[in-house]
Amino acid sequence: MNQNMKPQFLSLAEDVHVCILTFLPYQDILQCTSVCKDLRQTYLSSSELQYIVELGGQQLLPIDLRVDDHTPISERLQLLRDEAHSWFKFGTRPVQTVTVPEIFCFEDEKFISNGYFCLCNSDGLSGFAKIFSVVPGPSQHKIDHEWSSKSLYSLPNARSIGVLMDPEQNLLAAAYDIIGGSDIYIDLLALDGGGAHPKAAGTLIVSPVLPRRQDIDLYKPDEHRRNWRLKSLGGHIALWRQLSPDHDLLPIKEFRWWVQIWDWQYSTMSDCVLSSTGTSRDFVDFCFLGGNRFLIIMNDLKVYSIEDMSKAPKFLACFLFPGAGVECMECYPPSLKNDLARTIWTSDPAHRLLSLVISPHLLHFIISTSIFFQLDSFEGVATAIPWKNWGPSNSRIFDTLCFDVCGNRVLSFIPTTVETVHDDDRGVHRLHMLDFSPSAVKYRQGLGRVVIEPSTVDLEGELVTTFLPYVDVSCKWFQQPIAVWFDKDRIYILYDEDSDTESPLEVLAEI
């Protein structure tokens with residue numbers, strides 16, 4: 001490099017330096033400031049550069065603010081730092097306890113988002129959905145709505161196939177067919193009870209390529225849940241269809257699956273259909289990764305691009321999984337859970353956490369989704385990427401009872417011992433708050449324990465070692481929960497108590 005370039009660059013005004021550095025990735029900004037004292041001083045005096053670095057270190061992306069939002073960068077920076085640190089200071093005493101009707105506590109599809117308890121049920125033929133508030137506030141501004149088969153579907157004689165809620169999109173989607181008919185539809189409703197979703201292109205039409213309902217779907221609820229699944233993320237919805245191994249059209253111990261994906265805000269039709277076969281030992285799951293990436297989970301992890309919705313998903317790579325003979329991997333996809341009314345940043349789709357539950361071992365694989373977006377690093381490697389080439393440094397394995405994943409944080413309960421409290425033997429658990437973001441690991445500032453040492457588990461006779469670093473803050477917990485959730489600035493813990501009518505839902509932390 002021409003030696004004269006250095007003083008010429010440094011002779012520029014400081015605001016010009018800041019402007020130039022803002023075009024760099026956050027790692028390059030840090031690199032520049034580590035080799036030049038003048039640029040280091042520029043960085044320390046610039047809230048804008050520090051904000052970019054803090055967002056990158058927490059693996060977040062800024063959201064365009066409203067035109068009338070004039071929040072100074074310095075205030076956004078302080079808020080970002082305060083929220084990151086406050087998660088590690090959660091208390092063990094609930095700041096609020098609300099009750100949830102017992103009949104809702106054991107629904108398979110239940111979660112909390114934006115202060116609302118959301119329930120979906122598509123067992124049988126009727127379908128059911130309900131949303132109600134679990135946080136205090138003016139009742140006139142709250143949503144409290146329930147949908148039955150009469151209000152979920154726009155056509156008569158409908159039989160439920162699947163129901164999903166997406167509070168981020170104010171979306172309720174209901175898939176169904178018609179008694180005596182052969183077509184399948186997906187109605188898109190507004191969660192606030194306003195009828196059809198205002199941004200939806202209309203009722204989605206399911207391709208005739210996907211096989212229609214079989215008798216086994218009608219009298220075996222477990223088979224129905226396995227053979228039909230409905231998922232969404234942002235502007236995409238996917239309907240999964242699977243034929244069981246005992247279907248007359250398939251050989252013994254083989255099944256076939258299909259998945260159709262829509263860009264639901266722009267079209268009611270879709271040619272984005274994917275299908276394949278598997279064995280009866282395989283439990284296939286799928287999820288959206290964000291960033292137009294789609295993941296199929298069987299004995300391995302196959303990544304597809306859905307950037308071009310006019311054709312079938314494009315295969316990108318296959319990531320091999322350890323543990324030969326693993327029968328069931330259930331996917332819990334990356335989550336956002338943003339409060340869109342006040343959020344000024346969101347998690348980066350290429351840097352979130354994916355959770356895979358391995359049955360019957362109940363092991364939880366936490367995987368950084370960045371590996372599915374960095375395919376150039378495997379250039380020259382065979383299409384099937386061995387576990388040793390990608391897994392150990394990009395994942396961690398935990399043995400947990402309840403958990404939730406949001407962005408780069410994991411909330412989990414792990415059993416430890418049995419202790420006697422007031423002559424009563426109680427199972428002791430530890431509540432763990434884990435943060436996998438680079439900034440937490442590097443700048444934890446005395447909050448929590450940095451875990452960088454490898455951990456090893458036995459998976460189907462194979463020793464599997466993982467070492468994705470994270471920060472761990474934990475505390476002792478005596479009561480075993482049914483479920484736990486992150487939501488905005490709160491942690492919710494649901495318990496099952498000796499009551500036939502209701503169960504307590506504790507708000508553990510309010511940041």
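Structure shown above.
Residues numbered from 1 in each chain as written. Predicted model: local features only at pLDDT ≥ 70, side-chain atom pairs only at ≥ 80, totals over all residues. Heavy atoms only, no water.

Trainee: Explain the overall build of the protein chain to me, and be specific about the residues and the numbers.
Mentor: The helix and strand inventory of the protein chain stands at 12 helices and 34 strands. Counting every position in the protein chain, which comprises 511 residues, the buried fraction comes to 50%. Of all intrachain contacts in the protein chain linking residues separated by at least 6 positions in sequence, the fraction that spans at least 24 positions is 57%. For the protein chain, the accessible area works out to roughly 24,300 Å², and carbon and sulfur atoms hold 51% of it. (Helix = DSSP H or I, 4+ residues; strand = E, 2+ residues; numbered from the N terminus. Buried < 20%, exposed > 50% of the residue type's maximum accessible area, 1.4 Å probe, protein only. Contact = heavy atoms within 4.5 Å. Areas by Shrake-Rupley, 256 points an atom, 1.4 Å probe, with all protein chains shown as cover.)

Trainee: Quick rundown of the packing of helix H4 (residues 37-44) against helix H5 (residues 47-57)? Include the residues and the values.
Mentor: Axis separation between H4 and H5 bottoms out at 6 Å; the angle between their running directions is 85°. Relative to H5, the element H4 is oriented roughly perpendicular. Contact residues: Thr 42, Tyr 43 and Leu 44 in H4; Leu 49, Gln 50 and Val 53 in H5. Its residues assigned to classes, the contact of H4 with H5 shows four nonpolar, two polar and no charged. (Axes fitted to C-alpha atoms, helices over the stretch in contact; angles between N-to-C directions. Parallel < 35°, antiparallel > 145°, perpendicular 65-115°, else oblique. Nonpolar A, V, L, I, M, F, W, Y, C, P; charged D, E, K, R; others polar.)

Trainee: Kindly report on the environment of Thr 203, identifying the contributing residues and their values.
Mentor: If you trace the backbone, Thr 203 turns up in the loop between strand E9 (184-190) and strand E10 (204-205). Judged by relative accessible area, Thr 203 falls into the partly exposed class, the value being 31%. The spacing of Thr 203 and Ala 174 is 29 residues in sequence and 9.7 Å in space, taken between C-alpha atoms. Polar contacts involving the side chain of Thr 203 include one to the side chain of Asp 187, which spans 2.9 Å. (Polar contact = N/O pair within 3.5 Å; in protein donor to acceptor, adjacent residues only side chain to side chain.)

Trainee: Tell me what's going on with the pairing of strand E12 (residues 236-243), and back it up with residues and numbers.
Mentor: Of all eight residues in E12, eight are buried, a share of seventy percent or more. Side-chain alternation along E12 places His 236, Ala 238, Trp 240 and Gln 242 on one buried face and Ile 237, Leu 239, Arg 241 and Leu 243 on a second face that is also buried. In sequence, strand E11 (residues 228-233) turns back onto E12 through a hairpin of two residues, with Gly 234 there showing a positive phi of about 60°. Of the pairings in the sheet, the one linking E12 to strand E13 (residues 254-263) comprises eight bridges and is antiparallel in character. Directly across from Arg 241, in E13, lies its bridge partner Trp 258. (Pairing = 2+ DSSP bridges.)

Trainee: Lay out the sheet that holds strand E8 (residues 171-178) in plain terms, naming residues and giving numbers.
Mentor: Taken in spatial order, the four strands line up as E7-E8-E9-E10 in an open sheet, and their pairing is antiparallel. At either margin of the open sheet sits one strand with a lone partner, and together these are strand E7 (158-166) and E10. Here E7 pairs with E8 via eight bridges, running antiparallel. Each bridged residue has a counterpart across the sheet, and for Leu 164 the counterpart in E8 is Ala 173.

Trainee: Account for helix H3 (residues 26-35), naming residues and giving values.
Mentor: Structural remark: α-helix, 3.6 residues per turn; residues separated by three or four positions point the same way. Listed as buried for H3 are Tyr 26, Ile 29 and Thr 33. Down the axis of H3, the sector holding all buried residues measures 55°, keeping them to one side. Along H3, exposed side chains directed more than 90 degrees from the buried face belong to Ser 34 and Val 35. Its buried side turned inward, H3 meets helix H2 (14-21), H4, H5 and helix H12 (438-442). (Arc of directions from axis to C-beta.)

Trainee: Tell me about the state of the cysteines, and name the residues and values.
Mentor: Using the criterion set out here, one finds zero disulfides in the structure. Not engaged in a disulfide, the cysteine Cys 118 finds its nearest cysteine sulfur in Cys 120; these two sulfurs lie 7.3 Å apart. Classification of Cys 118 as buried rests on a relative accessible area of 0%. (Disulfide = S-S within 2.5 Å.)

Trainee: Requested: an account of H5, with residues and values cited.
Mentor: Counting buried positions over the 11 residues of H5 gives eight, a clear majority of the element. Along H5, the residues classified as buried are Leu 49, Gln 50, Tyr 51, Val 53, Glu 54, Leu 55, Gly 56 and Gly 57.

Trainee: Let's hear about the packing of aromatic side chains: which residues, and what values?
Mentor: For any pair of aromatic rings, geometry is given as the distance between the ring centres together with the angle between the planes. Following the criterion strictly, the structure yields 18 aromatic pairs and no others. Between Tyr 176 and Tyr 185 the ring centres are 5.7 Å apart and the planes differ by 35°, which places this aromatic pair in the tilted class. Of the two residues, Tyr 176 and Tyr 185, both sit in the buried class. Between Phe 319 and Phe 372, the ring centres sit 5.1 Å apart and the planes meet at 80°, which makes this aromatic pair edge-to-face. (Phe/Tyr/Trp six-rings, centres within 6.5 Å; stacked < 30°, edge-to-face > 60°.)

Trainee: Just give me the short version of the nonpolar core, but keep the residues and values in it.
Mentor: Judged by nonpolar contacts, the single largest core of 26 residues is most densely connected at Leu 301, Phe 319, Phe 372 and Trp 390. Only strand E15 (285-290), strand E16 (293-297), strand E17 (300-305), strand E18 (314-320), strand E21 (353-359), strand E22 (363-368) and helix H11 (387-390) provide two or more residues apiece to this core. Setting aside chain neighbours within four positions, we find Phe 319 in contact with Asp 300, Leu 301, Val 303, Ile 371, Phe 372, Leu 375, Phe 378, Ile 385 and Trp 390. Core analysis: the second largest hydrophobic core is formed by 20 residues, Leu 188, Leu 204, Val 206 and Leu 239 among them. (Core = buried A, V, L, I, M, F, W, Y, C linked by side-chain atoms within 4.5 Å.)

Trainee: Quick rundown of the pattern of salt bridges? Include the residues and the values.
Mentor: Taken as a whole and assessed by the stated rule, the structure comprises 11 salt bridges. A salt bridge links Lys 130 to Asp 144, with the shortest nitrogen-to-oxygen separation between them at 3.6 Å. Residue Lys 130 is found in strand E5 (residues 128-133), and its partner Asp 144 is found in the loop between E5 and strand E6 (145-147); the two are separated by 14 residues along the sequence. With a closest N to O distance of 3.4 Å, Glu 146 and Lys 130 form a salt bridge. Within this pair, whereas Glu 146 is found in strand E6, its partner Lys 130 is found in strand E5, the two being separated by 16 residues in sequence. Here the residues in one salt-bridge network are Lys 130, Asp 144 and Glu 146, joined through shared partners. (Salt bridge = Lys/Arg side-chain N within 4 Å of Asp/Glu carboxyl O.)

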